[in-house]
Amino acid sequence: MKANRVAITGLGAICGLGHNLKTVWENLVNGKSGISTIENTDTEQWSIKIAGEVKNFQISEDLLGSKDASRYDRFVHFALHCANEAYKDAGLINNTYYAPEKIGTILGVGMGGFPLIEENHKNYLEKGPRRVSPFFIPAIIPNMSTGLISIKLGIKGVNFTVASACASATHAISVAASEIISGRQDVMISGGAESVICNTPISGFINMKALSKRNEEPERASRPFDVDRDGFVMGEGAGIVVLENYEKAVARGAKIYAELVGFGYSSDAHHITAPHPEGDGAAQCMKQTIELAGITPEMVGYINAHGTSTPLGDIAEIKAVKKVFGDHVKKLYCSSTKSMTGHLLGAAGGIELVFSAMTLHNGIIPPTINVENQDPECDINCVPNKCVKYDGEYALSNSFGFGGTNSSVLIKKVN
């Protein structure tokens with residue numbers, strides 16, 4: 001059976017930098033921070049007061065009326081908003097090219113609807129079981145994101161979600177690409193969505209000592225590869241891509257941002273939360289991704305790093321990069337956009353693939369901001385503080401999660 005090529009034909013993004021791709025990208029390449037003091041949630045009992053929070057967002061009435069909107073958790077709103085944006089960008093909103101059963105959706109969602117879980121649990125404790133909403137279950141389950149996308153866009157192909165912590169979206173995109181490669185689907189809407197800036201998750205991360213404590217200067221809190229980094233900053237939002245059979249995309253005259261040419265998975269088999277100290281699992285994952293694409297490491301010029309701004313994680317990733325790329329590491333660009341968005345957990349790989357596709361499409365690499373004193377153990381070109389031009393052919397995006405799960409995806413510039 002002939003393996004189909006995979007084109008990226010639509011992009012959607014929402015995060016602390018903005019509600020649409022244009023705004024998010026402009027802020028990103030200009031090195032603007034999307035991290036600020038939390039406003040949507042009462043933080044009185046928290047020691048951490050900052051996040052990459054999406055401000056002033058309300059989903060369009062055309063997608064979800066106000067009554068229906070209240071029945072779904074915030075991550076579902078983000079997913080539906082972004083999927084609609086990406087589908088429209090791909091020119092498929094009024095689809096006449098593909099049968100509905102040949103279009104599917106697979107998203108990554110790391111934690112699901114925690115805000116509504118907390119709200120309904122409070123109602124249960126204070127008012128009894130009859131006050132738990134009858135809409136509670138469909139409001140919070142992860143696959144309601146793909147379910148609503150399918151309903152609203154009228155697509156009848158594969159429909160499910162992937163949960164693998166912070167690698168969720170990248171795993172979802174890889175599985176979605178496989179659907180096109182095999183020919184089972186012609187179009188896939190994929191990526192990730194997450195929104196857990198609420199009591200239980202934030203408290204858990206605070207008690208793990210995983211979050212940055214820079215409450216007084218939130219825009220400087222996420223600082224991957226900097227010697228003074230003190231933890232990651234929680235983010236929220238979504239990043240969605242439309243993947244399409246390459247030949248069919250060309251035939252219908254679609255705009256193609258990039259071609260997806262490789263992906264890989266691995267396990268550290270080391271620790272529940274800490275990365276392998278030498279980056280063994282991450283290195284295996286990147287190597288597998290590059291080999292699947294049929295290229296050599298020297299052909300890759302840019303990596304959108306997982307780069308969470310944690311003391312151990314950043315060093316482990318750079319050790320992995322050095323294992324895979326050897327002397328070529330001196331010619332690599334390796335930036336972390338989490339310095340501006342915060343860490344979107346299960347959605348991180350989705351929005352970061354959007355950024356990687358925009359990098360190839362526009363010839364600009366977004367920077368790692370807040371690099372004031374680069375850690376000597378992270379001695380790579382992290383594109384400190386200002387974007388740079390890029391005319392390379394390939395970009396690699398990394399996502400690594402708790403449980404030692406790793407995923408990478410490789411895309412190629414379209415000439």
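Residues numbered from 1 in each chain as written. Predicted model: local features only at pLDDT ≥ 70, side-chain atom pairs only at ≥ 80, totals over all residues. Heavy atoms only, no water.

## Some thoughts on the overall build of the chain
We apply this condition: Helical segments are the DSSP runs of H or I of at least four residues, strand segments are the runs of E of at least two, and each set is numbered from the N terminus. Both definitions apply: the radius of gyration is a C-alpha atom measure, and the globule rule equals 2.2 Å times residues to the power 0.38. Only protein chains enter the calculation, and the probe is 1.4 Å; a residue is then buried if its accessible area is under 20% of its type maximum, exposed if over 50%, and partly exposed in between. Any pair of residues with heavy atoms lying within 4.5 Å of one another is described as a contacting pair. All accessible-area figures derive from a Shrake-Rupley calculation using a 1.4 Å probe, and residue coverage is judged against the displayed protein chains alone. Note on charges: Lys and Arg go in the positive column, Asp and Glu in the negative column, and His and the chain ends are not counted at all. Where a charge lies is defined by one atom per residue type, namely NZ (Lys), CZ (Arg), CG (Asp) and CD (Glu).
When you go through the chain residue by residue, the secondary structure sums to 13 helices and 14 strands. Compactness check: the chain gives a C-alpha radius of gyration of 20 Å against a globular reference of 22 Å for 415 residues, within 12% of the reference. Its C-alpha atoms give the chain principal-axis dimensions of roughly 65 × 50 × 40 Å. In the chain, which comprises 415 residues, the share counted as buried stands at 60%. In the chain, the proportion of contacts linking residues at least 24 apart, taken out of those at least 6 apart, comes to 78%. For the chain, the exposed surface amounts to about 16,300 Å²; the carbon and sulfur share of it is 51%. Charged side chains in the chain number 38 positive and 43 negative. The centres of these two groups are separated by 4 Å.

## Some details on helix 6 (residues 144–153)
Counting buried residues in helix 6 gives eight out of 10 residues, a clear majority hidden from the surface. Of the positions making up helix 6, those classed as buried are M144, S145, T146, G147, L148, I149, S150 and L153. In this structure, the buried residues of helix 6 make contact with helix 3 (74–89), strand 4 (103–108), helix 5 (136–140), strand 5 (159–162) and strand 6 (187–194). Positive backbone phi, at 70°, marks G154, one or two positions downstream of helix 6.

## A few points about unusual backbone geometry
Unlike most non-glycine residues, L345 shows phi in positive territory, near 50°. Mapped onto the fold, L345 is located in the loop between helix 12 (338–341) and helix 13 (348–362). Even without being a glycine, V383 presents a positive backbone phi close to 55°. Here V383 lies in the loop between strand 11 (364–365) and strand 12 (388–389). By relative accessible area, which is 2% here, V383 ends up buried.

## A closer look at the packing of helix 7 (residues 168–182) against helix 13
Using the following cut-off: To define axes, lines are fitted to C-alpha atoms, for helices over the stretch in contact only, and angles between the resulting N-to-C directions are given on a 0 to 180 degree scale. The cut-offs work like this: below 35 degrees is roughly parallel, past 145 is roughly antiparallel, 65 to 115 is roughly perpendicular, and the gaps in between are oblique. In this count, Pro and Cys sit with the nonpolar residues alongside Ala, Val, Leu, Ile, Met, Phe, Trp and Tyr, while Asp, Glu, Lys and Arg are called charged and the others, Gly among them, polar.
Contact geometry of helix 7 with helix 13 gives a least axis separation of 5 Å together with a crossing angle of 65°. The orientation of helix 7 with respect to helix 13, classified from their angle, is roughly perpendicular. Taken together, the residues of helix 13 that come into contact with helix 7 (itself represented by A169, T170 and I173) are G349, G350 and L353. Each residue belonging to the contact of helix 7 with helix 13 can be placed in one class, and the counts come to three nonpolar, three polar and no charged.

## A word on the pattern of salt bridges
Note the threshold: Think of a salt bridge as a Lys or Arg side-chain nitrogen and an Asp or Glu carboxyl oxygen that are within 4 Å of each other.
With the rule as written, the count across this model stands at 23 salt bridges. Of the charged contacts in the structure, one is a salt bridge between E39 and K55, with a shortest N-O distance of 4.0 Å. Residue E39 is found in the loop between strand 2 (36–37) and strand 3 (50–51), and its partner K55 is found in the loop between strand 3 and helix 2 (66–69); the two are separated by 16 residues along the sequence. For the salt bridge of R220 with E372, the shortest nitrogen-to-oxygen distance reads 2.7 Å. A residue pair is termed long-range when its members are at least 10 positions apart, and R220 in the loop between helix 8 (199–207) and strand 7 (237–245) and E372 in the loop between strand 11 and strand 12 qualify at 152 residues. In this structure R220 comes out as partly exposed when scored by relative accessible area, which is 23%.

## Remarks on the packing of aromatic side chains
Where we set the bar: Stacked, edge-to-face and tilted labels apply to pairs of Phe, Tyr and Trp rings (six-membered ring for Trp) whose centres lie within 6.5 Å, assigned for plane angles under 30 degrees, over 60, and everything in between, in that order.
Applying the stated criterion across every chain, the model contains six aromatic pairs. Ring geometry for F57 against F78: centres 5.5 Å apart, planes inclined by 50°, an arrangement best described as tilted. Of the two residues, F57 sits in the loop between strand 3 and helix 2 while F78 sits in helix 3, which places them 21 residues apart along the sequence. In this structure F57 comes out as buried when scored by relative accessible area, which is 15%. Centre to centre, the rings of F205 and F232 are 5.2 Å apart; their planes meet at 85°, and the pair counts as edge-to-face. Of this pair, F205 sits in helix 8 while F232 sits in the loop between helix 8 and strand 7, and the two are 27 residues apart along the sequence. On the accessibility criterion, F205 (10% relative accessible area) is buried. Exposure remark for F232: the relative accessible area of 6% places this residue in the buried category.

## Thoughts on the environment of S356
Mapping S356 onto the fold places it in helix 13. Taking relative accessible area as the criterion, S356 reaches 0% and is therefore assigned buried. Between the alpha carbons of S356 and K88 there is a distance of 20 Å; along the sequence they are 268 residues apart. Beyond its immediate stretch of four places on either side in the chain, S356 contacts Y302, N304, A395, S397 and I411.

## Quick notes on the side chain of N370
Considering the arrangement of structural elements, one finds N370 in the loop between strand 11 and strand 12. Overall, N370 belongs to the buried group, its relative accessible area being 9%. The contact partners of N370, leaving out residues within four places of it in the chain, are E219, R220, A221, S222, R223, D226, S339 and N385.

## A look at the pairing of strand 6
How we decide: Strand pairing is defined by DSSP finding a minimum of two bridges between the two strands.
Across the eight residues that make up strand 6, a large majority, eight, are buried. Here strand 6 shows a buried face lined by V187, I189, G191 and A193 and a second buried face lined by M188, S190, G192 and E194. Direction of pairing for strand 4 relative to strand 6: parallel, over a ladder of six bridges. Each bridged residue has a counterpart across the sheet, and for I106 the counterpart in strand 6 is S190.

## Quick look at the nonpolar core
As a reminder of what qualifies: We call a set of buried Ala, Val, Leu, Ile, Met, Phe, Trp, Tyr and Cys residues a nonpolar core when their side-chain atoms join them within 4.5 Å.
One finds I8, L11, V241, L243, L260 and I411 to be the most contacted residues of the largest nonpolar core, which totals 45 residues. Those elements that provide at least two residues to this core are strand 1 (6–14), helix 1 (21–29), helix 7, strand 7, strand 8 (258–267), helix 13 and strand 14 (405–412). Among the elements that line this core, the one with the most residues is helix 13, at eight residues. Ignoring sequence-local partners within four residues, the contact set of I411 consists of I8, A258, E259, L260, V261, L353, S356, A357, L360, E393, Y394 and A395. The next biggest cluster of nonpolar side chains, apart from the first, holds 34 residues, and it includes L80, A90, V109 and M144.

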